[in-house]
Each structure stands twice: as C-alpha cells, then as structure tokens.
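# A closer look at the structure
Listed below, chain by chain, are the residues.
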Amino acid sequence: MFREGLKGIIAAQTAISHIDGMQGTLVYRGYEIGELKELTFEEAAFLLWYGRIPTREDALEIKKKLSTNRYLTPIMLDIIQILPHEMDMMSVLRTVISSEGGAQYKWKPSIDQAIRLTAVIPTIIACRFNLMNEKLFIEPDPELNHVDNYLYMLSGMRPSKAIASALESYMILTLEHGMNASAFSARVTVSTESDLVSAITAAIGTMKGPLHGGAPSGVIELLNEIGTRDRAESVLRDKLVKGEKLMGFGHRVYKTNDPRAIALRKKLLENMGEDPSLDLALYVEEKAIELLAESKPGRSLYTNVEFYAAAIMKSIHLPSDLFTPTFTASRVVGWTAHVLEQAENNSIYRPQSEYIGKQYC
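Since we're looking at a predicted model, the values are computed, not measured.

### Some remarks on the overall build of the protein chain
- A count of helical and extended segments in the protein chain gives 16 helices and three strands.
- Dimensions of the protein chain along its principal axes, counting C-alpha atoms only, are 65 × 60 × 45 Å.
- The 361 residues of the protein chain split such that 50% are buried.
- Within the protein chain, contacts between residues at least 6 apart in sequence are counted, and of these 74% link residues at least 24 apart.
- Here the protein chain has roughly 17,800 Å² of accessible surface; of this, 52% comes from carbon and sulfur atoms.
- Of the side-chain charges in the protein chain, 39 are positive and 44 negative, and the distance between the mean point of each set is 4 Å.

Written as structure tokens, this is what we have:
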C-alpha cells in the first residue's frame, strides 16, 4: 500500500521517545518532559543515551566527557577557514563533521562516539561564526557546562543565569522528537552498517531543509513588530482581522498544548523580570491566546515550541542563520540515540516503490 512520504507507516520500534499529539505529551525514555525540568543538558543526554536518569557520579562523568571532547582537530580548523565565505552554517557543519570520520568510527557505533560528536558541534559553530565576523576563535572553557560554554564561545562573555537557563531548557526539549525526517535519515544510513559520522552527516543534511529545521524567523518578525507591551493587542488584533497567521501558534503534530512550549513557559516564568525580551514574549503569548480564542473559537490554537525558541534566540541576540545550527547542536543527541538503538537490532531499510511510468510489454 502506497503512503506518500511514508505518512502513518511504522518503520521502527523504539524505546527512546514517544509523542501523543492528541494528548499533548512528549516522553523521553518513559518520563514525560515535564518531569525532567530539573535535569541539566548533560543529564538529559545521558538519559537518552543510557536509558536511565544519571546518578550524581554519572552526571559528573558525562559532564567531564562532554567537556574534554570539545576540541577541534587541526583538519577541522583548516576546513572551517578554507570553506567559501558564502557557505551557510549548516553546510559548514555537515562538511566539518564529515571530516571527523576515520578508523575510530567503525561499526558498531558507541556512546563515546556520540559524546564526541555532541561535544564538538557547538565548537564548530562558534569557531566559524567568529571567523565570519572577523573575531578570534574563543577556546572552550572546561569549567563551563555544555550550554553555558556554547554561549561563551559565541560572545566571549559568560551568559546571564536567565539567558543560559532559558537556552538550556530549549535545548533539552529539542533533544529528541520521535521518527522525524532527520532521525529517519540517520537510521537508514546506519542500517547499512555505515559509521556514526556518516549517519550524523546525513541527518545534518536532512535538517538543513527548510521544511524540517527551518528557523522561526516569522516569530522574530512578529516580536520585533510588536516591540513593547502596549502595542501587543493592536498588532495582534490587526493581523487577525486581516486573516494573517500568528506565527508560533498551532502545530501539525500537537492538537492541544505543545508540551515543550508549556515547559519553556514555566522556565521563563521562573526568571521573569530578568530579561525584557523574554518578559515581552510571555505577555504576547498571553494576549495572542486570548485573541485567538475570541476570533477563532473551537480551533484549539496553542503556542508551539518555535514561539519560545524564537523568543530565546532573540533575547541572546543570536543571528537567524544560527537558529537551525543551534537546534542541530541539541538534536544530535536524539540522532545518536536512534543510531545506537538501530545498531543493536539492525535490519537494512529497503522499502519498495510503485512503478507508474510508461507501460511496457
């Protein structure tokens, strides 16, 4: 039976995550994401890789491993510098990661390999970003955690607690999201018994497409247009009267509240008053939900994770061309978890196609 885009076809059994769009739940390894709000990025990654909440000793060990694997090889540094200046960041990331492949990345993939790729991606992004902006490369700080270090390498300054906490929450909530296009791409690649680097390179190439990893630029434009709280209602109401879509509301999977948006909202409320950009986003969300309920009753349009992703990226002044790479820096954990799971019970993907061409005798 043909299903365009394999929609609705079950292609794998997984213990990594579960999405229920009708109920609005996202589960990592048996835990609803709302239960994981106290975890750090490192601890959440450990959960996806190992299948359990880390002990204190586990948490210290995974933090150490990620910290010591942030370095760029001389080859990586050379590639980052010689690639054309007009090349986009996702293409740079795909090319530099592919250079990591070698004898150490043979079948089967390992968690240590997953840690290395997860650790080095933020360094690649920051190095290339600073080069393109004629700034010196900022070496990773081994004392900082994964997310704080990423922000530090981009700016040279240690981030505020509110900003770092918001970005860490976003990255935890986007670590994994089921059998999406990029996770499927990674599993298909490794199902041939190819190596982890090849699988992640394929996933990055898939994430690069605007239908999958596209930046939430529409939300940024909305927040910029509103600017201040006193303009929120008039701008939002005007868009609804004109029949325009409010960017950041509604989701093709979740038919109720996006659980990731709920978790991010709670995190932002904890730091309310510490960053004006994030405070504005909270107010805009409240006003937009109120006006949507008034103008589109029964439509169940709720805030999605892209709304808060945009608000966080705006608050840290992250250029739009770094949105998808930053998303990639978190999703690599989910990709590697899928690759590891595929390798444990592997069967090569070999779907059929239906011929609809010219008839023959």
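### Considering helix 14 (residues 276–295)
- With 20 residues, helix 14 extends 28 Å from end C-alpha to end C-alpha; this agrees with the ideal 28 Å at 1.5 Å per step.
- When we look at burial in helix 14, the residues that qualify are Leu278, Asp279, Leu280, Ala281, Leu282, Val284, Glu285, Lys287, Ala288, Leu291 and Leu292.

### Topic: the nonpolar core
- Core analysis: the biggest nonpolar cluster contains 108 residues, and Trp49, Ile97, Ile124, Leu167 and Tyr170 have the highest contact counts within it.
- At 12 residues, helix 5 (residues 111–132) tops the list of elements feeding residues into this core.
- For Tyr170, the residues in contact, after removing those within four places along its chain, are Leu264, Ala309, Ile312, Met313 and Phe327.

### Details of the packing of aromatic side chains
- Per the counting criterion, the structure on display carries three aromatic pairs.
- Centroid distance Phe46 to Tyr50: 4.2 Å. Interplanar angle 20°. Geometry classified as stacked. Of the two residues, Phe46 and Tyr50 both sit in helix 1 (residues 41–50), four residues apart, roughly one turn of that helix.
- A residue is classified by how much of its surface remains accessible, and Phe46, at 4% relative accessible area, is buried.
- On the basis of relative accessibility, which here comes to 35%, the residue Tyr50 falls in the partly exposed class.
- Ring plane angle 85° and centroid distance 5.2 Å describe the contact between Phe307 and Tyr308, whose orientation is recorded as edge-to-face.
- The buried category is assigned to Tyr308, whose relative accessible area is 0%.

### Some thoughts on the confidence of the model for the protein chain
- Here the protein chain averages 88 in pLDDT, while 94% of its residues score no lower than 70.
- Predicted confidence in the protein chain is weakest over helix 10 (residues 210–213), with a mean pLDDT of 75, and strongest over helix 1, with 98.

### A few points about the side chain of Asn145
- Summarising the element assignment, Asn145 is placed in the loop between helix 5 and helix 6 (146–155).
- You can call Asn145 buried: its relative accessible area is 19%.
- Leave out the neighbours within four places in its chain, and Asn145 touches Glu42, Lys63, Arg70 and Glu168.

What counts and what doesn't
- Residues numbered from 1 in each chain as written.
- Predicted model: local features only at pLDDT ≥ 70, side-chain atom pairs only at ≥ 80, totals over all residues.
- Heavy atoms only, no water.
- Helix = DSSP H or I, 4+ residues; strand = E, 2+ residues; numbered from the N terminus.
- Buried < 20%, exposed > 50% of the residue type's maximum accessible area, 1.4 Å probe, protein only.
- Contact = heavy atoms within 4.5 Å.
- Areas by Shrake-Rupley, 256 points an atom, 1.4 Å probe, with all protein chains shown as cover.
- Lys, Arg positive; Asp, Glu negative; His and termini not counted.
- Charge placed at Lys NZ, Arg CZ, Asp CG, Glu CD.
- Expected span 1.5 Å × (residues − 1).
- Core = buried A, V, L, I, M, F, W, Y, C linked by side-chain atoms within 4.5 Å.
- Phe/Tyr/Trp six-rings, centres within 6.5 Å; stacked < 30°, edge-to-face > 60°.
- pLDDT = per-residue confidence, 0-100.

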